[in-house]
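The primary structure of each chain is shown beneath.
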Amino acid sequence: MRRHASILIAYFLQFVKARLVYRADFIVDSLSVFGALAVQLAFLGVLYSRIQTLAGWSIDELILIHGFSMIPLGLFNLISFNLWNFSEKHLVEGQFDRVLLRPIHPVFQVLFETFNVAALNEIIIGCVLLVVAGTRLGIAPEAGDLLLLPLLAVSGAAIYLGIFLTLTSLSFWFEDRLGIGAPVYNMIRFARYPVTIYHPAVRALLSWIIPFSFAAFYPATAFLRSTEFQLFVWLTPVVAVISLSVALFVFSRGMLRYTSTGS
Amino acid sequence: MTGTLTLYLEFTRITFIKMLAYRLRYYTGIVTYLVFVAGNAFLFRAIYSGLPEGTVIGGFNEAAVVTYIAVAWIGRSLTFNNVDRELATQVTGGNIAQNLLKPIDIQAMTFFGALGEALFRFVLFTVPISIVIVPLFHVGAPDAFSGLAAALSFFLAFLINTAINFIVGTFALHLKSIMGLVRAKHVVMELLTGALIPLSFFPDSWRQVVEMLPFASITYVPVTIWMGMRQGEALVQALLVQVFWAVALYGLGVALWRHAIRRTTVQGG
Amino acid sequence: MSGIEARALTKEYRVANRRPGVMGAVRDLFDRRTETMTAVNRVTFSVQPGEMVGYIGANGAGKSTTIKMLTGILTPTSGDIRVNGYVPWKERRAYAKTIGAVFGQRTQLWWDIAAVESFRLLRRIYEVDESLYEQQMETFEELLGLSEFLNQPVRTLSLGQRMRCDLAAALLHQPQVLFLDEPTIGLDVVSKENIRRFLQRVNQELGTTVILTTHDLDDIEQLCRRVILIDRGALLFDGNIAGMQQLSGNLGRLRVEIRGEGGEEDLRRATEGLDVRWVRVDTGRFEGEFEKSRIPIAEVVRRVVTDAPVHDLSVLEPPIEEVVRKIYRGEVDLPALAGADE
């Protein structure tokens, strides 16, 4: 009896421990989301403690842009976990074999085998910031926003996915274990500022080459009720379709070059 | 003794060669540094453009802050490394067990490896991006003494940054994936090291706290030395603080690593 | 149309040729040299539905590369493949539903979750309907005995248990063709025996076509009537096992049991002047090897029986390992190079 009880306790502890491993990861990942947000807001706070407007944009307007941009980014982070180690896990270690043996699109399998649940925090915080900043700016929500927000958020996520899937696919050609997602990911922040502050070359880069601005600044102006960039707001879904198509094309071409491991 | 040193220098050499294999990452790295300096420089130009001509914030006028940003990111191209992620890969991939069996000191191995990465970064990142950035953003040369002191300061910054990364890497023994942690470290450190904005821009009460943290020694201190903003006693004091942080964080890394290893071994595999 | 058709199948790899030393690595950063390596070279063969074929060769001969092209994982550099009427790498997704594959060194299951969860997931992926799933799981339970570990995470399973799970997973959707790459690697004798028996039943009762690569020639001897042998990427032999044994027909082997002590002396004396190598197998048991083309078996037998105290004598077929080894060494002419192109 005592023996069974102790085995039961051991099993229970094992179970709790296994859950805790996940819990610790979840807590750390969530903290990282909050940390990133705190840093961004602190940065804006420090800047605006010295100035009134940035090229004509107020702090609340910038917070609204930041808030909106977190929603598509959160959606993307939710499913992009496997892209970061794709080269290492799938190409170098040869796990892509398994993916190719199954009757489902490989991209689907790679994306949806793991979720980064902590990214949900990002989506929620983004919505909160959007509402808070909107209220402070005296912008009243409209019925159309309920349609526009999901459309632009999903489009934005698709733009991120298109960009990073394309970059990930380059690993089929270059044998880099590291991949190049991380340094490019760090450039997303620049899309959260009004594009008007940049030199035309930087603006073109963020709009037409790595179109991060279409997942952050441009669509966010729709909720600022600014008409200056209306054309770009409507181009957002178009850019999303194009960047996803490019990504799928590059990926499928890359797939043909997959060499697996060994002979 | 020389035998041991040669052994560890071998890690330096191997890392140097290993870094060269990441061709694609290398090209992107160059581009990202340029984009980062350009992006941040434009941000500050936009800030100053809204202010009266000749405004000075926290000791910086418009030209000075652009120089600060340029030097900060050039310096970062040298001091940065991925020790945390590599350590985590070793732990999750099980290679750490093999390394633990070898008669080598993991921490020394990591540091000498990082040195190889720093050498690589100096030759293939720092020098080429300087050639582009220095004329493009009109970065002036420092006086010889400040330049020399800054070189020492950047080296100490490298040691401090590596020690912090090592500490973050030890968390891999407790987590399934340290990706989130590494990301958090990146964003927090960018702000607190002064890579995004000179620490003197912070409101006074914040600034006093932030300048006391070890992160300030990674970017803010060496860059301000380079710009000749610290002279005489203030310069010596800043360097001594850096030495203190390098030693203290290295020691903390040793302690945390030992603790974590003991815990894992006791728990069994 | 089912069955496998491979014509002039070729796979070339580009291998980066790294320069040595630090300066070499720096130069590689800007200018990388590559070399082309041919892993599979114009291999042609066809397999009828319901056949069980052993695909063998030394390490690096190109076995796995061929299997990976047949399963659609790798794209051939040139040549044609058709399996079950599909071009594997082109029509990959539709094709994947008609095949199953097990790669011995790597599981196709999800590492962290219970095996049964993997099966449920695969049921959805392959769109196997509920009743067929139940029926299949019952069959696997009967033949492989999975239930004792079905609820454990895959990473905790022993190699033998994992292999049984992998086999079941590969057959869940009733594929027409089953590809196996080293299915018995690292297994103990009993597990190997179980796996072989299972494969035999799958092949005979379900009519599943099976292609298997292996290093263990017992697998081949017990399972396959037909063998395809490749070496350095090229097809060396395609035919039945008996044919392969005949190929090395030049090797004569005799097993002799001798009464009493000192038999070896007697045997050597008996075959003096003939080039026969005698080896002691056991007390009083010897094996002799010689070249049949130079020395007729009858001559050896006659001499041994007259001049040595022979208790028992038998003529042996050469063991398959020996045949394979000889073929690799190029000591055998291969007249029957079936499917040699052009």
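If you're wondering where the values come from, they're calculated on a predicted model, not measured in any experiment.

### Overview of the overall build of chain B
Check the secondary structure of chain B and you find 11 helices and 0 strands. Listing each helix as α and each strand as β along chain B from the N terminus yields α-α-α-α-α-α-α-α-α-α-α. In summary, chain B has a C-alpha radius of gyration of 20 Å against a globular reference of 18 Å for 269 residues, a match within 12%. Principal-axis analysis of the C-alpha atoms places the extent of chain B at approximately 65 × 40 × 35 Å. Here chain B holds 269 residues, and the buried ones make up 46% of them. The long-range share in chain B, meaning contacts at least 24 apart out of those at least 6 apart in sequence, stands at 82%.

### Overview of the interface of chain A and chain B
On the chain B side, the residues contacting the 38 residues of chain A number 34 residues. Of all elements in the fold, only α1 (2–48) and α9 (181–185) of chain A reach the threshold of two or more residues within the side of chain A that touches chain B. Looking at which element gives the most residues to the side of chain A that touches chain B, the answer is α1 of chain A, with 15 residues. Each residue belonging to the side of chain A that touches chain B can be placed in one class, and the counts come to 28 nonpolar, 6 polar and 4 charged.

### Section: the sheet that holds strand β3 (residues 52–56) of chain C
Residues and elements named next belong to chain C. A sheet is described by the order of its strands in space; here 6 strands give the open sequence β5-β6-β7-β3-β8-β9, paired in mixed fashion. At either margin of the open sheet sits one strand with a lone partner, and together these are β5 (99–103) and β9 (234–240). With direction set aside, neighbouring strand axes in the sheet form an average angle of 15 degrees. In terms of strand pairing, β5 meets strand β6 (residues 177–181) through 5 bridges, oriented parallel. The partner of A101 across the bridge, within β6, is F179.

### Details of the domain arrangement of chain C
For chain C, the domain assignment lists domain 1 (4–241) and domain 2 (250–317). Centre-to-centre separation of domain 1 of chain C and domain 2 of chain C, based on C-alpha positions: 44 Å.

### Topic: the environment of S171 of chain A
By the secondary structure assignment, S171 of chain A is in the loop between α8 (145–169) and α9. In sequence terms S171 of chain A and F81 of chain A are 90 residues apart; their C-alpha atoms lie 16 Å from each other.

### Let's talk about the sheet that holds strand β2 (residues 33–47) of chain C
Residue and element names in this part refer to chain C. Here 3 strands make up an open sheet; going across it, the order is β2-β1-β4 and the pairing antiparallel. In the strand order of this sheet, the two ends are held by β2 and β4 (78–83), each with one partner. Across the sheet, the mean angle separating the axes of adjacent strands is 30 degrees when strand polarity is ignored. The pairing of strand β1 (residues 4–17) with β2 spans 11 bridges and is antiparallel. Considered in β2, the bridge of N17 is made with R33. On top of the sheet, helix α2 (residues 63–70) reaches β1, β2 and β4; it is set at about 120 degrees to β1, its chief contact.

### Focus: the confidence of the model for chain B
In the predicted model, chain B carries a mean pLDDT of 87, and the fraction of residues at 70 or more is 96%. Per-element confidence in chain B is highest for helix α10 (residues 220–226) of chain B, whose mean pLDDT is 95, and lowest for helix α5 (residues 95–101) of chain B, whose mean pLDDT is 71.

### A look at the interface of chain C and chain A
Chain C puts 23 residues into the contact, and the matching count from chain A is 14 residues. Those elements that provide at least two residues to the side of chain C that touches chain A are β1, α2, α3 (92–96) and β5 of chain C. For the side of chain C that touches chain A, the per-class residue count stands at 10 nonpolar, 8 polar and 5 charged.

Calculation criteria
Residues numbered from 1 in each chain as written. Chains lettered and ligands numbered in written order. Predicted model: local features only at pLDDT ≥ 70, side-chain atom pairs only at ≥ 80, totals over all residues. Helix = DSSP H or I, 4+ residues; strand = E, 2+ residues; numbered from the N terminus. Rg over C-alpha atoms; globule rule 2.2 N^0.38 Å. Buried ≥ 20, exposed ≤ 12 C-beta atoms within 10 Å, placed from the backbone. Contact = placed C-beta atoms within 7 Å. Nonpolar A, V, L, I, M, F, W, Y, C, P; charged D, E, K, R; others polar. Pairing = 2+ DSSP bridges. Axes fitted to C-alpha atoms, helices over the stretch in contact; angles between N-to-C directions. Domains from an automatic or database assignment. pLDDT = per-residue confidence, 0-100.

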